[in-house]
Amino acid sequence: MNGLLNTLDISTLLIMSLCTMAGIVVGTLPGLSATMGVALLVPLTFGMEAATGLLALGALYTGAMFGGANSAILINTPGTPAAVATTFDGYPLTKKGQADRALITALLASVVGGIVGTIFLIFLSTPLANFALGFGPPENFWLAIFGLTIIGSLAGKSIIKGLIGGTFGLMLALIGMDPVSGYPRFTFGFYNLIEGINLLPAMIGFFSIPQVISMMERKDKYIAKYEERKGIYKKTISETLKRRMVLLRSSIIGTFVGMLPGAGGNVAGFVAYNETKRFSKNPKEFGKGNIDGVITSESANNATVSSSLIPLLTLGIPGSPVAAVLLGGLLIHGLQPGAKLFTESSGIAYTFVVGLLVANILLLLVGLIGTRFFAKAIAIPIHYLAPVIAVLAVIGSYSIRNSMLDVFVMLGCGLLGYFALKADITPGPIVLGLVLGVIAENGFVLSAVISETGPSMFTLFFTRPISLVLIILTVLSILGPLLLNLRRKKKDNPIDIDSTPHQKAGGE
């Protein structure tokens, strides 16, 4: 209660509101990730009280995670890696003239996911942190393999083409230094590629450049027709809240995935999207503008905001890049993460944790005001919008590491993504392969190193409890769609014994 009262201070609420708005802007602009926004804000919190500074960082993090959905829905370019899955159904809704519906739904799902994740942080942080500690290299490997089974859900019309895209993403993940020998692989003489392909410029390229080129090819004046509709807010809020199971399931998935080191909002979004599609009565509608796709992606990736802080606050282990930056913010203000944080500095710790709930409420208020203005972005003529997107893509890619190589990577991935779309290979499986390829390789290589002086590879991969659960989930994820398809075919083509031609008695 003291933490809640500290958060509701007028000056604190004003700072959090400003940081939430700044976070939405940072998340919306491609290339300006939540990690970058929080890192830039840390020096500005030096002069603040510890609790106020942490609340400012948490509010910006919350706003940035939602902000990625704006560009994902409106121009098919995710502002943050966590919003990749939002493009699958968000942009098709925009093309149908339902941009406002998609944006409002994304906002509501983000708030629900953030609140669910924060509730888990408040009440179950210690047992969840101990569970996260059980994830070692073998578990990370199987988590990545389980994630790769999602390719079938992202493949579109052809699973084969989806697998081709996923394989291409895995090949991109191999670029860089070999984890064992340290020898450069597939760098083609470019020394800077020794660090591998950076996800952000690759993601910007695969999504934004094909979009810019296709805009230039089209004869339409606007991306889509948009007219503000009366009662859309009330109708969309009611529609979203009726999908309680989708919201709750996706938020819980995001909470558990978010607390695992190395996973994050992008993996959470993919996993939740796949599960929602699997449980849906109309899975074929996903990728064509199904509102459940927007709900599941946004609720899952925003649940990771709080859950990624569970291992940080309880064990001192950051669960995401943003959590690593927040670790620096804690240390700067003289706070040591771990068990003592909630005893020696309990006032600050609980103010920060409860403040995340308030940040989500502020996000709802700010988002509802801003949504009608965001939706009007598609009313900008294409011949103005396309150059703006291209410029933002270049600036965003360069600003990540101040490297022109990232710009060339973005342009190269963009051209490859454009030709891939011409062959009906969507960018989703490619980006998924790139994200999970790094996790899978690191998990496998580290497990191999451990096996040299400890348990065998078989023991590491096939006898650990969490690994066994992930293996079962992987098998079910592969066989599940096949069994469901067979079941649907039997229902669509029942065998009518009475209608089977047979010979009448008496030889007639």
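None of these values were measured; they are calculated from a predicted model.

Conventions we followed
- Residues numbered from 1 in each chain as written.
- Predicted model: local features only at pLDDT ≥ 70, side-chain atom pairs only at ≥ 80, totals over all residues.
- Heavy atoms only, no water.
- Phe/Tyr/Trp six-rings, centres within 6.5 Å; stacked < 30°, edge-to-face > 60°.
- Helix = DSSP H or I, 4+ residues; strand = E, 2+ residues; numbered from the N terminus.
- Buried < 20%, exposed > 50% of the residue type's maximum accessible area, 1.4 Å probe, protein only.
- Patch = residues over 30% accessible without salt bridge, like charges linked within 9 Å, V, L, I, M, F, W, Y side chains within 5 Å.
- Areas by Shrake-Rupley, 256 points an atom, 1.4 Å probe, with all protein chains shown as cover.
- Salt bridge = Lys/Arg side-chain N within 4 Å of Asp/Glu carboxyl O.
- Expected span 1.5 Å × (residues − 1).
- Bend = angle between axes of the 7 residues up to and from the residue.
- pLDDT = per-residue confidence, 0-100.
- Contact = heavy atoms within 4.5 Å.
- Core = buried A, V, L, I, M, F, W, Y, C linked by side-chain atoms within 4.5 Å.
- Axes fitted to C-alpha atoms, helices over the stretch in contact; angles between N-to-C directions.
- Left-handed = near helix turned anticlockwise from the far one by under 90°.
- Nonpolar A, V, L, I, M, F, W, Y, C, P; charged D, E, K, R; others polar.

Observations regarding the packing of aromatic side chains
Note on aromatic pairs: each is described by the distance of the centres and the angle between the planes. Under the criterion given, the structure shown has 12 aromatic pairs. A ring pair is formed by Trp-142 and Phe-461, whose centres lie 6.4 Å apart and whose planes are at 80°; its orientation type is edge-to-face. Note that Trp-142 is positioned in helix H7 (residues 137–148) and Phe-461 in helix H22 (residues 457–462), a separation of 319 residues in sequence. For the pair formed by Trp-142 and Phe-461, the shared burial category is buried.

As for unusual backbone geometry
Note on backbone geometry: most residues besides glycine have negative phi, and most peptide bonds are trans. In this model, Phe-186 sits at a positive phi of 55°, which is unusual for a non-glycine residue. By secondary structure assignment, the location of Phe-186 is in the loop between strand E2 (184–185) and helix H10 (199–217). Residue classification places Phe-186 among the partly exposed residues on the basis of a relative accessible area of 48%. One non-glycine residue with positive phi stands out, namely Asp-424, at about 65°.

Comments concerning a nonpolar patch on the surface
There is a patch of nonpolar side chains on the surface, built from Ile-159, Ile-160, Leu-163 and Ile-164 and spanning about 390 Å² of accessible area. Turning to its location among the elements, Ile-159 is positioned in helix H9 (residues 159–173). Taking the relative accessible area as the measure of exposure, Ile-159 reaches 51% and is therefore exposed.

Focus on the environment of Ala-51
Here Ala-51 shows up in helix H4 (residues 50–75). With 279 residues separating them in the primary sequence, Ala-51 and Leu-330 have C-alpha atoms 9.7 Å apart.

Examining helix H18 (residues 346–375)
For H18, with 30 residues, the first-to-last C-alpha span of 42 Å sits near the 44 Å given by 1.5 Å per residue. Where H18 bends most, at Ile-369, the angle is about 35°.

Observations concerning the pattern of salt bridges
For the coordinates displayed, the defined rule picks out 7 salt bridges. For Glu-217, the salt bridge identified is with Lys-422, shortest N-O distance 3.6 Å. With Glu-217 in helix H10 and Lys-422 in helix H20 (residues 404–422), the pair connects residues that are 205 residues apart, well separated along the chain. Under the relative-accessibility criterion, Glu-217 is labelled partly exposed at 44%. The exposed category is assigned to Lys-422, whose relative accessible area is 54%.

What about the confidence of the model for the protein chain?
On average, residues of the protein chain score 81 in pLDDT, and 87% of them are at 70 or above. A low-confidence stretch, residues 499–508 stays under pLDDT 50, and its non-local contacts, those more than four residues away or across chains, total 1 contact.

Structural notes on the nonpolar core
Residues Val-84, Ile-197, Phe-206, Val-267, Phe-270 and Leu-436 are the most contacted members of the largest nonpolar core, which totals 58 residues. The element best represented in this core is helix H21 (residues 427–453), accounting for 8 residues. In contact with Val-84, other than residues within four places in its own chain, are Pro-78, Met-203, Phe-207, Phe-270 and Val-431. Listed in part, the 38 residues of the second largest apolar core include Val-42, Ala-56, Leu-60 and Ala-323.

Quick notes on the side chain of Thr-187
As for its position among the elements, Thr-187 is in the loop between E2 and H10. Not counting residues up to four positions away in its chain, the partners in contact with Thr-187 are Gly-176, Leu-193 and Ile-194.

Description of the packing of helix H12 (residues 244–258) against helix H14 (residues 291–307)
For the pair H12 and H14, interaxial distance at closest approach is 7 Å and the crossing angle is 40°. As for the relative orientation of H12 and H14, their crossing is right-handed in sense. Residues Val-246, Leu-247, Ser-250, Ser-251, Gly-254, Thr-255 and Gly-258 of H12 touch H14, and the partners they reach there are Asp-292, Ile-295, Thr-296, Ser-299, Ala-300, Ala-303, Thr-304 and Ser-307. Classifying every residue of the contact of H12 with H14 gives 5 nonpolar, 9 polar and 1 charged.

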